[in-house]
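Secondary and tertiary structure notes
Here are the chains, one letter per residue:
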Amino acid sequence: MKKTVTAMMVMSVLSMSLYGYSKEERVKDMQAMEAAMAQIQKGILSNDDKMVIEGADNLKKSTANVEVAPKWKMDYSPTYAKQQSGHILILADKIKSSIEADRKHSANSSYTKVLGECISCHNKLRKWK
């Protein structure tokens, strides 16, 4: 019985230490998301549908790469972070479909909502005021 409990404790400690998403990787992913948002904005402002679609695809790719740290490594809810990234993925699809349907105002509205999701998350996670 003691061996089983000890083995379980060792496994849980090892699984926590194997978590490999570092701060540097998170910063890199956030910078990729920011670059994708800039690409979308530039495409909207220059009336370049292809650039907007590529930016939306890049946003989806970079958002999908972001990992949520385990609860014990952070002071916020992983559920909240997952929810925010899910919203961003949905809005990126809306941007793309709006551009493809030649509804630029709708694409711009979805872009603004993505920016709101970013700011909301940073307010909570980075405790921006």
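Conventions and cut-offs
Residues numbered from 1 in each chain as written. Predicted model: local features only at pLDDT ≥ 70, side-chain atom pairs only at ≥ 80, totals over all residues. Heavy atoms only, no water. Salt bridge = Lys/Arg side-chain N within 4 Å of Asp/Glu carboxyl O. Helix = DSSP H or I, 4+ residues; strand = E, 2+ residues; numbered from the N terminus. Buried < 20%, exposed > 50% of the residue type's maximum accessible area, 1.4 Å probe, protein only. 1 Å grid on protein atoms, 1.4 Å probe; cavity = no way out; pocket = protein on both sides within 12 Å on 5 of 7 lines; lining within 4 Å. Points joined across faces, edges and corners; volume = space filled by probe spheres on them. Nonpolar A, V, L, I, M, F, W, Y, C, P; charged D, E, K, R; others polar.

Comments concerning the pattern of salt bridges
- What the rule picks out here adds up to 4 salt bridges.
- Note that D49 and K104 form a salt bridge whose closest N and O atoms lie 3.1 Å from each other. Residue D49 is located in helix α3 (residues 49-65), and its partner K104 is located in helix α5 (residues 104-125); the two are separated by 55 residues in the primary sequence.
- Across the pair D57 and K96 runs a salt bridge, and its minimum N-O distance is 3.0 Å. Here the residue D57 occupies a position in helix α3, and K96 occupies one in helix α4 (residues 78-100), the gap between them amounting to 39 residues.
- Residue classification places D57 among the partly exposed residues on the basis of a relative accessible area of 31%.
- In the salt-bridge network here, residues are joined through shared partners; they are D49, D102 and K104.

Topic: empty space enclosed by the protein
- Going through the model one piece at a time under the given rule, you end up with 1 cavity of 30 Å³ or more.
- Taken as a whole, the largest cavity spans an internal volume of roughly 30 Å³.
- In this structure, the largest cavity is lined by G43, I44, N47, D48, D49, V52, I99 and K104.
- Put simply, the parts of the chain that give the lining of the largest cavity at least two residues each are α2 (23-45) and α3.
- Of the residues contributing to the lining of the largest cavity, the split by class is 3 nonpolar, 2 polar and 3 charged.

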